[in-house]
Amino acid sequence: MSKLTLISTIYSLEPVIICVTRLSPSKIILLSEEGANDKKVQSEDIIEKTFKNALEVEKKYTALYDTVRVAKDVAELIEKEHDRGNQVIVNVSGGRKPQAFGALFGAYARNDMVQRVVYVTEEDSMMIDFPVLSFNLSETKKLILEEIQKGNSSVTKIAATAGISKGMTYNHLRELKSMGYIADGDSGYIITDAGRIASI
């Protein structure tokens, strides 16, 4: 029987406690950051002390305002838990919005490995399920994004690396641009933050 891991942003206690009591995870991974403010640290400490005998509690240090880094970190956590055979739920209720959005985007990047994304309302502690969306990128488009991220914006080189024609490469580039994943830079295509997240 698979276990359930809750990956959660945190600021105050209530949303995390509601998720634990309603979802019954066997493990909680709290997203934190170096130099977190006192209220957040106090909430993390109380969660650890309250649940340490009942379930595993782990902290993952990530960024507070860098949504791309948070998305990468959360995607890696999801992969690790999935590889262990655990189901994963992501709670985006607490913390600063950029960190919560990063966690949400990380869940989207690994949508096939996430059971649910939830948010607990402050007003009435109602748990809302967010849709688990996908960036819907083919492996070829991901490879093109990776090439552009490496600084390679030559259509000929990208086509050779991807093993497709230049015409198909132009089609992919046009679609990636219309999706907001790449933009025109001074010396060719550049990857946007949306593209960095989508290619995780």
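Residues numbered from 1 in each chain as written. Predicted model: local features only at pLDDT ≥ 70, side-chain atom pairs only at ≥ 80, totals over all residues. Heavy atoms only, no water.

**Topic: the pattern of salt bridges**
- Inspection of the entire model under this criterion finds 13 salt bridges.
- Note that Glu33 is salt-bridged to Lys40, the shortest N-O span being 2.7 Å. Taken individually, Glu33 and Lys40 each receive the classification buried, so the pair is uniform in this respect.
- We note a salt bridge from Arg110 to Glu79, for which the minimum N-O separation is 2.5 Å. One end of the pair, Arg110, is in the loop between helix H4 (97-109) and strand S5 (116-120); the other, Glu79, is in helix H3 (residues 67-83), and 31 residues separate them in sequence.
- Looking at Glu79, the relative accessible area reads 28%, which means it is partly exposed.
- Three or more residues are tied together by salt bridges with common partners; here these are Lys27, Glu56, Glu58, Glu81 and Arg84. (Salt bridge = Lys/Arg side-chain N within 4 Å of Asp/Glu carboxyl O. Buried < 20%, exposed > 50% of the residue type's maximum accessible area, 1.4 Å probe, protein only. Helix = DSSP H or I, 4+ residues; strand = E, 2+ residues; numbered from the N terminus.)

**Points about the domain arrangement of the protein chain**
- Along its sequence, the protein chain is organised into domain 1 (2-128) and domain 2 (137-197).
- Using only C-alpha atoms to locate each centre, domain 1 and domain 2 end up separated by 32 Å.
- For the pair domain 1 and domain 2, the summed buried surface comes to about 370 Å²; carbon and sulfur atoms form 73% of the total.
- It is Val68, Lys72 and Phe105 that lose the most area in domain 1 upon contact with domain 2, and together they represent 72% of the buried surface on that side.
- In this structure, the connection of domain 1 to domain 2 is made through zero salt bridges.
- Inspection of the domain 1/domain 2 interface yields zero residue pairs in polar contact (both at pLDDT 80 or more).
- Elements represented by at least two residues in the side of domain 1 that touches domain 2 include exactly H3 and H4.
- When residues of the side of domain 1 that touches domain 2 are assigned to their parent elements, the largest contribution, four residues, is made by H3.
- Here the side of domain 1 that touches domain 2 is composed, by residue class, of four nonpolar, one polar and one charged. (Domains from an automatic or database assignment. Buried area = accessible area lost by both parts, 1.4 Å probe. Polar contact = N/O pair within 3.5 Å; in protein donor to acceptor, adjacent residues only side chain to side chain. Nonpolar A, V, L, I, M, F, W, Y, C, P; charged D, E, K, R; others polar.)

**Considering the packing of helix H1 (residues 13-23) against helix H2 (residues 38-51)**
- Contact pair H1 / H2: the axes reach a minimum separation of 10 Å and the direction vectors enclose 25 degrees. Relative to H2, the element H1 is oriented roughly parallel. In terms of crossing hand, the pair formed by H1 and H2 is right-handed. Judged by residue contacts, Leu13, Val16, Ile17 and Val20 of H1 engage Ser43, Ile46, Ile47 and Phe51 from H2.
- Of the residues in the contact of H1 with H2, the class split is seven nonpolar, one polar and no charged. (Axes fitted to C-alpha atoms, helices over the stretch in contact; angles between N-to-C directions. Parallel < 35°, antiparallel > 145°, perpendicular 65-115°, else oblique. Left-handed = near helix turned anticlockwise from the far one by under 90°. Contact = heavy atoms within 4.5 Å.)

**Quick look at the sheet that holds strand S4 (residues 87-91)**
- Read from one edge of the open sheet, six strands run S3-S2-S1-S4-S5-S6, paired in mixed fashion. For this open sheet the edge positions go to strand S3 (56-61) and strand S6 (127-130), each flanked by a neighbour on one side alone. Neighbouring strand axes in the sheet, compared pairwise and without regard to direction, differ in orientation by 25 degrees on average.
- Across five bridges, strand S1 (residues 4-9) lies against strand S2 (residues 27-32) in parallel orientation. The residue of S2 that forms the bridge with Thr5 is Lys27. (Pairing = 2+ DSSP bridges.)

**Focus: the environment of Lys60**
- Topologically, Lys60 is positioned in strand S3.
- Taking C-alpha positions, Lys60 is 36 Å from Gly188, a pair spaced 128 residues apart along the chain.
- The residues contacting Lys60, other than those within four sequence positions of it, are Ile29, Leu30, Leu31, Ser32, Asp73 and Leu77.

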